[in-house]
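# Overview (structure and organization)
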Amino acid sequence: MDQSTGMDYDPATYWTTSAKNFRSSARLHLQHFLCQRTFGYLLESHVQDFVSHSQDERSGPLRVADLGCGNGAWLCDLHDELAKSGITAQLDGYDVNAASFPAPAFLPPSIRLKELDILKPLPEDLVGVFDIVHIRAFASLLVDTGVAPLLPFIHAMLRPGGYVQWEEIRGDKFIVEASGDTPGVACNTISQILQAGGKARGSDFTFIDQLDQGIKSHGGFDDVQKRVFEKRRQDYKAWTEDILMVWGEIAVHFPLKADASSAKITKESFLDLYRRAVEETEQGVAVHQGVIVTAVGRKAA
Ligand SMILES: C[S@@+](CC[C@H](N)C(=O)[O-])C[C@H]1O[C@@H](n2cnc3c(N)ncnc32)[C@H](O)[C@@H]1O
């Protein structure tokens, strides 16, 4: 528990608790659609060029891995896009928690989703076989370390010449946009509580701003590029709804007043604040995180 807020949130176990259910998956679906609207693509242009130009050289299907794939929404959309272009692919999603996976019967045959802890040593059969490794929204697991622990695995999974495509949002940053006479006091207070909790735990999301530098400093990648995408104003309402869902899930991490009467923030006081934050958003206040950062890099041949 962190002393400044009384929260018992732990990013390392957050995704494996039984509380991860259809609500988490629904939120990830919304986040996926919003990311796609923001980027306007599934494969970044360097990666797309690589897919198009390497088509004749490939002897088998294009192999794509999605790490921390959640409900597989990105892979499902990629399947449709590749199929339209006549590209045969094998799309493999890996996640430590299979709770959000759709039933295999509802997935195209080219998509396989498997339970795997990608922070543990890599199974041999995943070494050197992928043309593309995609990872998105994994930063909360890397706030103590930056990208360093994951890059050796990503590098090992890729074939020489293959691409990593990595997308992240600063999960510690909430920009509250006032609406008319409603400044968004409760939204700002929640934002400050969560920032204080993150600081108390020593969480550092700033590596996202230098995602390309993290990949470069690992070595073994060429043509590393970063792109920064501003969220669209017309999507602010939907991003706000996505963030309200996260804030709603966080309430369970505060102690009940009866168990911790001296805690600065209790579950009851947080839920009261949350109710007021929701009211503010109903008055038009928006909460978002500004930008999405993407980095791509090519495994040296
Ligand atoms: C914020 S969600 C992002 C899901 C998906 N990439 C997306 O953008 O919709 C993070 C995902 O990482 C998964 N995850 C957390 N720790 C993991 C680990 N050690 N190995 C594999 N997946 C993990 C979670 O279960 C969750 O599905």
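Residues numbered from 1 in each chain as written. Predicted model: local features only at pLDDT ≥ 70, side-chain atom pairs only at ≥ 80, totals over all residues.

As annotated in an unreviewed UniProt entry, the protein chain carries the name Methyltransferase domain-containing protein and is attributed to Apiospora hydei.

### Some remarks on the environment of D259
Tracing the sequence through the fold places D259 in the loop between α8 (236-250) and α9 (267-282). For D259, a count of 9 C-beta atoms within 10 Å puts it in the exposed group. Taking C-alpha positions, D259 is 58 Å from I87, a pair spaced 172 residues apart along the chain. (Helix = DSSP H or I, 4+ residues; strand = E, 2+ residues; numbered from the N terminus. Buried ≥ 20, exposed ≤ 12 C-beta atoms within 10 Å, placed from the backbone.)

### Points about the sheet that holds strand β5 (residues 158-169)
Read across the open sheet, the 7 strands follow the order β3-β2-β1-β4-β5-β9-β7; overall the sheet is mixed. At either margin of the open sheet sits one strand with a lone partner, and together these are β3 (111-115) and β7 (221-230). The mean inter-strand angle of the sheet, taken between neighbouring strand axes irrespective of direction, is 15 degrees. Direction of pairing for β5 relative to strand β9 (residues 291-299): antiparallel, over a ladder of 7 bridges. In the sheet register, W166 faces β9, and the bridge partner there is A295. Where helix α3 (residues 45-53) meets the sheet, it contacts β1 (62-67), β4 (130-136), β5, β7 and β9, and its direction lies at approximately 150 degrees from that of β5. (Pairing = 2+ DSSP bridges. Axes fitted to C-alpha atoms, helices over the stretch in contact; angles between N-to-C directions. Contact = placed C-beta atoms within 7 Å.)

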